[in-house]
Amino acid sequence: MAAKKNKKQKREDYRAAMKQDDVLTMPRKKFYRQRAHANPFSDHQLVYPPHPDQMDWSTLYPAYVAQEESQPEATPSSTTEDLSAPVKVKRLTQDVEVADIGCGFGGLLIALAPVMPQTLVLGLEIRVSVTQFVEDRIKVLRRQNEESKAYQNVSVLRANTMKFLPNFFRQGQLSKIFICFPDPHFKARKHKQRIVSTTLNSEYAYAVRPGGVVYTITDVPDLHGWMVQHFEAHPMFERVGVEEQEGDPCVEIMRNATEEGKKVERNKGEKFVALFRRLEDPVF
């Protein structure tokens, strides 16, 4: 029992030390380990904005905060706070355009940062410790690259996208969504927890602008088939052809940059990729 407490204390001490402003060494995963899966239907006591216009992104992207004179007021971003008390929301000079749903330890985020230097990329992760690891990783990378201002365009947020995606993004705000190696939920009774479904695909269609792309990758053939089936059945998406898919530089990054992707590579497994383009809104 004492050994367990000692191990827990070491983790807490390490994470506290990583919060110091002068830390330049990358965080170590062993101090942020957490079970691989989280129940998306559980109450995780998450904080989220009632509306996308009330989301304060300034702490996530401090280099992109707009001038003070144009900052409006909004209601607090928590279900437990007094919603009648206004708070000031700092606006950014541009919107978040790319979302990595279930970003894990942030491998894709870090790889995309230099490839999309003018685009704000956000990782969404439900697990507390994993989110903190990505936060610390990005902070260190920003400190290491203060002169070039690299990695200011990527950040991470603890969120449950199965419940609250429309709370963060306006209609048509995103140009890309990445869904990389999601939990396969093998048992039939667990399929309702899969991150791709008829209902969730409608939320992706809402958040992604016409012409935008949803990227999917998995090493599970059954899940790949499930995602293809559900996206192809949705009236607002069409599958991107293989030639165009393989010509997209983001596909190669998605295959090789994530921690899960690297694990599959080490185990000589197969990776199944499918891209889906958001169609134009119908004209009535």
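Residues numbered from 1 in each chain as written. Predicted model: local features only at pLDDT ≥ 70, side-chain atom pairs only at ≥ 80, totals over all residues. Heavy atoms only, no water.

## Description of the pattern of salt bridges
We apply this condition: When a carboxyl oxygen of Asp or Glu is within 4 Å of a side-chain nitrogen of Lys or Arg, the pair counts as a salt bridge. Helical segments are the DSSP runs of H or I of at least four residues, strand segments are the runs of E of at least two, and each set is numbered from the N terminus. Summary of the burial criterion: residues with accessible area below 20% of their type's maximum are buried, those above 50% are exposed, and those between are partly exposed, where the area comes from a 1.4 Å probe applied to protein chains only.
For the structure shown, the criterion picks out 12 salt bridges. Here Glu97 makes a salt bridge to Arg209, at a shortest N to O gap of 3.3 Å. On the criterion of sequence distance, the pair formed by Glu97 in strand β3 (residues 96-101) and Arg209 in strand β7 (residues 208-218) is long-range, its members being 112 residues apart. On the basis of relative accessibility, which here comes to 24%, the residue Glu97 falls in the partly exposed class. Judged by relative accessible area, Arg209 falls into the partly exposed class, the value being 29%.

## Side note on the UniProt feature "active site" (unreviewed entry) in the protein
Note the threshold: UniProt positions are given in the numbering used here, feature names are shortened, and annotations may be inferred rather than shown by experiment. Polar contacts, as used here, are pairs of N or O atoms within 3.5 Å; protein pairs need one atom able to donate a hydrogen and one able to accept it. Residues neighboring in sequence count only if both atoms are side-chain atoms.
As annotated in UniProt, the feature "active site" (unreviewed entry) corresponds to Asp183 in the numbering used here. Under the relative-accessibility criterion, Asp183 is labelled partly exposed at 22%. One polar contact links the side chain of Asp183 to the main-chain amide nitrogen of His185, over a distance of 3.0 Å.

## Description of the pairing of β3
Applicable threshold: Any two strands are treated as partners once DSSP identifies two or more bridges connecting them. Throughout, right-handed denotes a crossover for which the path from the first strand over the helix to the second runs clockwise when the strands point away from the viewer.
Of all six residues making up β3, five are buried, and the element is well covered by its neighbours. Where β3 and strand β4 (residues 120-125) come together, five bridges link them in parallel fashion. Considered in β4, the bridge of Ile101 is made with Leu124. In this region the chain leaves β3, passes through helix α2 (residues 107-115) and returns to the parallel neighbour β4; the handedness of that crossover is right-handed. Strand direction decides the pairing type here: β3 and strand β6 (residues 174-180), joined by four bridges, are parallel. Residue pairing in the sheet places Asp100 in a bridge with Phe178 of β6.

## Some details on the environment of Met227
Selection criterion: Contact criterion: two residues are considered in contact whenever any of their non-hydrogen atoms come within 4.5 Å of each other.
Counting through the fold element by element, Met227 comes out in helix α6 (residues 221-233). Take Met227: its relative accessible area is 1%, and that puts it in the buried class. Considering only alpha carbons, one finds Met227 and Val196, 31 residues apart in sequence, at a separation of 6.0 Å. Setting aside residues up to four positions removed in sequence, Met227 forms contacts with Pro182, Val196, Thr216, Thr218 and Phe276.

## Section: the pairing of β4
Of all six residues that make up β4, six are buried, and the element is covered over most of its length. In β4, alternate side chains face the same way, and those of Leu120, Leu122 and Leu124 on one face and Val121, Gly123 and Glu125 on the other are all buried.

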